[in-house]
Amino acid sequence: MSLMSLIVPDRRADRQADRVVPPSGHTAWLTSFTAGAMAFLAVFALALSLAAGRLADRWSDALERTATVRLSAPEDQMQLQTDAVLAILSTTPGIATARAMTDAEQRALLEPWFGPDLPIDALPLPRLIELTETGSGYDGEGLRQRLAAEAPGAVLDDHTRWRRPLAVAAGRLRLLGLLSICLIGSATAAMITLAASAALAANAQVVRVLRQVGARDAYIARAFVRRFTLRALTGAAAGTLVGMIGVALLPSTDTAGGFLTGLGFPGLSWLYPLVLPPLMAVVAFIATRAAAFRKLRELT
């Protein structure tokens, strides 16, 4: 096939234009490897961001509209003061339910921190009383004063000091995951730009010959854009697949002992990573197109 048969400026999808770009070499594996590695990292960054969102929602659901009364008293007075606290809570406007947690429930709360063999019977643990609010809420300061008068060992914890830092931490962790994805995309664009510029520089003589026989810069740039976009799409698809397999092999929440939230894609969220290969291809298209036209201007 002659060189003139490669020059078809008006056909945008001309596969023959791919011959302008070398089919192998360091630019080929560099583009595919970069896209694959970045897509692999993006899968975990996306999993981290989604897990942070689930964690924030779970903490919010668990702590919102709930509070705890912590009762410390001598063993012979514990049941008496527990009954007194329950009586106070049952007559407090804005409190829907109140109940004393059993030893088994308190053991379950402490087990993720101290293990299953905690001798709870031998420890002077306070009695925990769980209460839930109504929609209108209750007067926290008034309740504290009543508890201080009738059950001096009772302390009301409305979870405010826990809820705010946890919500802020989860929000920042989610933001960190999204920022990581943006940085991954920027790094991918930078690497592909360098690879495309290197490929154009290595084929400067071919570019000059193509111009001499009538090829336009748009035709030459399209050849590079098509090749590098396909390389990025293929590499990103492979990296995404490996990343999804890696996330699937991570231990679940139950296996981790109930304390870790687990990095996974429950339900339909497994479809989210599938957006990464097309997104990488778009990034490669934009980066390669800009690099190609800039390099072609330099070669004039």
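Given the structure is predicted, the values throughout are model-derived calculations rather than measurements.

Caption draft 1: Up close: helix α2 (residues 75–90). Taking 1.5 Å per residue, 16 residues should reach 22 Å; α2 reaches 23 Å between its end C-alpha atoms and fits that length. Listing the buried residues of α2 in full gives Met78, Gln81, Thr82, Val85, Ile88 and Leu89. On its buried side, α2 packs onto β1 (66–71), β2 (95–100), β3 (127–133), α4 (140–150) and β4 (154–157).

Caption draft 2: Summary view of a nonpolar patch on the surface. On the surface, a cluster of nonpolar side chains totalling about 360 Å² of accessible area is made up of Leu173, Leu176, Leu179 and Leu183. Position of Leu173 among the secondary structure elements: in helix α5 (residues 160–202).

Caption draft 3: Region of interest: the environment of Ser72. Looking at the element boundaries, Ser72 is found in the loop between β1 and α2. Overall, the relative accessible area of 43% leaves Ser72 in the partly exposed class. Every residue in contact with Ser72, bar those within four places of it in the chain, is listed here: Pro126 and Gly153.

Caption draft 4: A look at the packing of aromatic side chains. Within this structure, the stated rule accounts for two aromatic pairs. For Arg231, the ring lying beneath its charged end belongs to Phe228, and the centroid distance is 4.9 Å.

Caption draft 5: Structural context of the packing of α2 against α4. One can describe the packing of α2 onto α4 by two numbers: an axis separation of 10 Å at closest approach and a directional angle of 150 degrees. By the criterion of interaxial angle, the relationship of α2 to α4 is roughly antiparallel. With respect to the hand of their crossing, α2 and α4 are arranged in right-handed fashion. For the pair formed by α2 and α4, the contact residues are Val85, Ile88 and Leu89 on the first element and Leu143, Arg146, Leu147 and Glu150 on the second. Its residues assigned to classes, the contact of α2 with α4 comprises five nonpolar, no polar and two charged.

Caption draft 6: Broad picture of the pattern of salt bridges. Under the definition given, this model contains two salt bridges. A salt bridge links Glu105 to Arg99; its shortest N-O distance comes to 3.0 Å. Among the ionic pairs, Glu130 bridges to Arg99, the shortest N-O distance being 3.5 Å. In this pair, Glu130 is assigned in strand β3 and Arg99 in strand β2, connecting sequence segments 31 residues apart. Residues participating in the shared-partner salt-bridge network are Arg99, Glu105 and Glu130.

Caption draft 7: View of the sheet that holds β4. Spatially, the four strands line up as an open sheet ordered β2-β3-β1-β4, and their pairing is antiparallel. Single-partner strands in this sheet number two, and they are β2 and β4. Within the sheet, the average angular offset between the axes of one strand and its neighbour, ignoring direction, is 20 degrees. Sheet contacts for α2: β1, β2, β3 and β4; angle to β3, the most-contacted strand, approximately 10 degrees.

Caption draft 8: Quick look at the nonpolar core. Grouped together as the largest cluster of nonpolar side chains are 36 residues, with contacts concentrated most on Ile220 and Phe228. Secondary-structure elements contributing two or more residues to this core are α1 (26–63), α5, α6 (204–212), α7 (217–248) and α8 (276–298). It is α7 that contributes the most residues to this core, nine residues altogether. In terms of nonpolar packing, the next biggest core, distinct from the first, is built from 17 residues, Ala67, Ala73, Ile129 and Ala151 among them.

Caption draft 9: Here's a closer look at the packing of α7 against α8. Taken N-terminus to C-terminus, the directions of α7 and α8 make an angle of 150 degrees; their axes are 8 Å apart at the nearest point. If you check the angle between α7 and α8, you find them roughly antiparallel. Where α7 crosses over α8, the handedness of that crossing is right-handed. Tallied by class, the residues present in the contact of α7 with α8 amount to 20 nonpolar, three polar and two charged.

What counts, and where the lines are drawn
- Residues numbered from 1 in each chain as written.
- Predicted model: local features only at pLDDT ≥ 70, side-chain atom pairs only at ≥ 80, totals over all residues.
- Heavy atoms only, no water.
- Helix = DSSP H or I, 4+ residues; strand = E, 2+ residues; numbered from the N terminus.
- Expected span 1.5 Å × (residues − 1).
- Buried < 20%, exposed > 50% of the residue type's maximum accessible area, 1.4 Å probe, protein only.
- Contact = heavy atoms within 4.5 Å.
- Patch = residues over 30% accessible without salt bridge, like charges linked within 9 Å, V, L, I, M, F, W, Y side chains within 5 Å.
- Areas by Shrake-Rupley, 256 points an atom, 1.4 Å probe, with all protein chains shown as cover.
- Salt bridge = Lys/Arg side-chain N within 4 Å of Asp/Glu carboxyl O.
- Phe/Tyr/Trp six-rings, centres within 6.5 Å; stacked < 30°, edge-to-face > 60°.
- Lys NZ or Arg CZ within 6 Å of the ring centre and 35° of its normal.
- Axes fitted to C-alpha atoms, helices over the stretch in contact; angles between N-to-C directions.
- Parallel < 35°, antiparallel > 145°, perpendicular 65-115°, else oblique.
- Left-handed = near helix turned anticlockwise from the far one by under 90°.
- Nonpolar A, V, L, I, M, F, W, Y, C, P; charged D, E, K, R; others polar.
- Pairing = 2+ DSSP bridges.
- Core = buried A, V, L, I, M, F, W, Y, C linked by side-chain atoms within 4.5 Å.

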